[in-house]
Amino acid sequence: MTAWVSVEGLNGVGKTHLVRQVAAVLGPVCVPLAELPDAPPELLPGRVIAALRQHGDLFLRTGMPRTETLLLMALQVHRHEQLGGAGAGIVLEDRGPHTVALYQAAILAPDDDDEHTLRLAEAILTTIGAWRPLPDLTVLLRDDPARCLARFERRIGRSVHADERTLIGRVDRLYERFAAAHSQRISLLDRRDTDEPGLVAAIAAACRALANHVSDEGDLPCVM
């Protein structure tokens, strides 16, 4: 069986950079999956993302949040279906169902009621899970929010707008609360506590441990 690991975290926390390093350490046994917004533009997911980006919004907001949520949920199922029988030992996913659930819940429920938003995120995640297996393990990367924001702004080449800053801050809070409620399957790694080589080693070790035990379905080990 394939061990499926997703790496989640705030914009600018360094997920993509670390996922690439971990995939290189794991070697051929690992199939890394790029974040959905980085999907090749000529393929179906890339065409859907391009449509969602048509107004230039960083968070794929077109003004139709219910439709956007359905499309992003479908793309999460599609990527699992496309992988099919690839026979990978480990799939390492740069942002997976949890990002769709938490960001879209925050966009759908902009009233700052965290309890309502978290229930909505759970409902989105459950719906995705009805169509594809959810990750066996999710690694949530944390860092100082100001440092994440600075990295993110360097990457996009501009300062974030006030509404973007509000959404990012809210999702950061939701990530932390969601992880605390699902500690069996979501492991927290804080960049303030561990240097980069240590983070890469920890994630790679978790992937290997999970791959060694994933056949014991329903009794996954605590690997971090």
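Note that this is a predicted model, so its numbers are computed, not measured.

**Student:** Sorry if this is basic, but what is going on with helix H4 (residues 97–108) here?
**Tutor:** Count 3.6 residues to each turn of an α-helix, and residues three or four apart come out pointing the same way. For H4, with 12 residues, the first-to-last C-alpha span of 16 Å sits near the 16 Å given by 1.5 Å per residue. Among the 12 residues that make up H4, 11 are buried, leaving the element largely enclosed by the rest of the structure. Buried within H4 we find Pro97, His98, Thr99, Val100, Ala101, Leu102, Tyr103, Gln104, Ala105, Ala106 and Ile107.

**Student:** Would you mind showing me how to read the packing of H4 against helix H7 (residues 162–181) here?
**Tutor:** Two packed helices can be described by the angle between their axes and the distance between those axes. With their axes 10 Å apart at the nearest point, H4 and H7 run at an angle of 125° to one another. On the basis of the axis angle, H4 is oblique to H7. For the pair H4 and H7, the sense of crossing is right-handed. Counting all contacts with H4, which are made through His98, Thr99, Leu102, Tyr103, Ala106 and Ile107, the residues of H7 involved are Leu167, Arg170, Val171, Leu174, Tyr175 and Phe178. Partitioning the contact of H4 with H7 into residue classes produces 9 nonpolar, 2 polar and 1 charged.

**Student:** Looking at this model, I keep getting lost on the pattern of salt bridges. Mind explaining?
**Tutor:** In a structure, side chains of opposite charge can pair up when their charged atoms sit close to one another. One pass over the full model with this rule turns up 17 salt bridges. The closest approach of N and O atoms between Glu93 and Arg79, which form a salt bridge, is 3.1 Å. Separated by 14 residues along the polypeptide, Glu93 in strand S3 (residues 90–94) and Arg79 in helix H3 (residues 65–83) bring together distant segments of the chain. Residue Glu93 shares its accessibility class with Arg79, and that shared class is buried.

Reading the values: the criteria
- Residues numbered from 1 in each chain as written.
- Predicted model: local features only at pLDDT ≥ 70, side-chain atom pairs only at ≥ 80, totals over all residues.
- Heavy atoms only, no water.
- Helix = DSSP H or I, 4+ residues; strand = E, 2+ residues; numbered from the N terminus.
- Expected span 1.5 Å × (residues − 1).
- Buried < 20%, exposed > 50% of the residue type's maximum accessible area, 1.4 Å probe, protein only.
- Axes fitted to C-alpha atoms, helices over the stretch in contact; angles between N-to-C directions.
- Parallel < 35°, antiparallel > 145°, perpendicular 65-115°, else oblique.
- Left-handed = near helix turned anticlockwise from the far one by under 90°.
- Contact = heavy atoms within 4.5 Å.
- Nonpolar A, V, L, I, M, F, W, Y, C, P; charged D, E, K, R; others polar.
- Salt bridge = Lys/Arg side-chain N within 4 Å of Asp/Glu carboxyl O.

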